[in-house]
Amino acid sequence: MKRMILALCLMGAAVLAACAPTTQTTGASFTDPAYRGQRFASLVVEADKAGLQERQAIENGTAQALRKSGVNARTSLELLPPTREYSDSAVRQALGQTGAQGVIEIIPAAKQIRERYFPPTYHAGIAHGRYGTGFGGGMMFGPGFYDPGYTVDEPRVTYNVTLYAVPGYRKVWTGEFRTDGSGGMDYGDVGSHFGSALVQRLQQDGLIP
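Remember, it's a predicted structure, so these values are computed and weren't measured experimentally. Once a new chain begins, its residue numbering starts again from 1 and follows that chain's sequence as written. It should be noted that, the model being predicted, local features are given only for residues of pLDDT at least 70 and side-chain atom pairs only at 80 or more, the latter also being counted only at that level, while totals for whole chains, interfaces and linings use all residues. Side-chain calculation: all heavy atoms of the structure are included, whereas hydrogens and water are not.

Caption draft 1: Up close: the packing of aromatic side chains. Stacked, edge-to-face and tilted labels apply to pairs of Phe, Tyr and Trp rings (six-membered ring for Trp) whose centres lie within 6.5 Å, assigned for plane angles under 30 degrees, over 60, and everything in between, in that order. Under the criterion given, the structure shown has four aromatic pairs. A ring pair is formed by Tyr164 and Tyr169, whose centres lie 5.2 Å apart and whose planes are at 45 degrees; its orientation type is tilted. Ring centres of Phe177 and Phe194 lie 5.9 Å apart, and the angle between their planes is 55 degrees; on these two criteria the pair is classed as tilted. You can see Phe177 sitting in strand β10 (residues 170-181) and its partner Phe194 sitting in helix α5 (residues 187-204), a full 17 residues away along the chain. Burial here depends on accessible area, computed with a 1.4 Å probe over protein chains only, as a share of the maximum for the residue type. Under 20% is buried, over 50% is exposed, and the range in between is partly exposed. A residue is classified by how much of its surface remains accessible, and Phe194, at 0% relative accessible area, is buried. Joined through ring pairs, the aromatic side chains of Tyr159, Trp173, Phe177 and Phe194 make up one cluster. Secondary structure elements are defined from DSSP: runs of H or I of at least 4 residues count as helices, runs of E of at least 2 residues count as strands, and each element is numbered from the N terminus.

Caption draft 2: Region of the structure containing the pattern of salt bridges. One speaks of a salt bridge when a side-chain nitrogen belonging to Lys or Arg is within 4 Å of a carboxyl oxygen belonging to Asp or Glu. For the coordinates displayed, the defined rule picks out nine salt bridges. When the shortest N-O distance is used, the salt bridge between Lys111 and Glu54 registers 2.6 Å. Here the residue Lys111 occupies a position in strand β4 (residues 102-118), and Glu54 occupies one in helix α2 (residues 52-68), the gap between them amounting to 57 residues. Lys111 gets classed as partly exposed once you look at its relative accessible area, which sits at 39%. Its relative accessible area of 7% is what places Glu54 among the buried residues. Notably, a salt bridge pairs Arg114 with Glu154, separated by 3.4 Å at the nearest N-O pair. One end of the pair, Arg114, is in strand β4; the other, Glu154, is in strand β9 (residues 150-165), with 40 residues separating them in the sequence. For Arg114, a relative accessible area of 25% gives the class partly exposed. Looking at Glu154, the relative accessible area reads 6%, which means it is buried.

In structure tokens:
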């Protein structure tokens with residue numbers, strides 16, 4: 001009986017792991033030839049054209065991933081409280097006065113919800129003991145169960161990202177990425193995960209440590 005309970009627990013843990021929120025990011029990027037080989041040690045992260053919750057998720061997720069890579073990162077929400085109104089020139093001036101070497105601007109350009117279908121499956125019973133002795137014995141199996149088909153809604157977001165060198169706001173690098181989230185995630189969850197994928201691409205392109 002103990003073996004059967006342990007097996008059921010392990011199966012439940014595997015199901016929970018499979019259902020954990022995950023994302024997959026694909027895309028392309030380009031670095032201005034004049035800036036190839038230059039690395040940025042301090043950056044400000046700015047999510048534009050996003051609601052407050054999504055903006056917080058994108059900026060905080062990206063800044064956290066940057067700090068883990070050794071970059072001194074701050075969010076625009078720290079520097080420009082959203083309770084005030086700012087002109088474009090005021091935003092650039094405020095971000096340029098931070099002493100950061102660059103600003104990463106992230107824009108969620110397109111969003112959609114995709115419906116994914118999972119067909120029905122049958123799960124066989126779990127072995128939990130033996131019957132008989134010698135060659136005439138065998139394993140006993142508990143009853144199996146039937147899992148009906150179901151659908152889940154999965155978010156997809158396209159991000160346009162630009163890295164500017166400051167002061168001067170010279171465009172150094174640009175990228176366009178598509179991030180697919182798993183069922184149960186919202187656009188904020190996707191934005192939070194996107195930060196890690198973005199930092200990996202910046203590392204691959206040699207722009208940060």
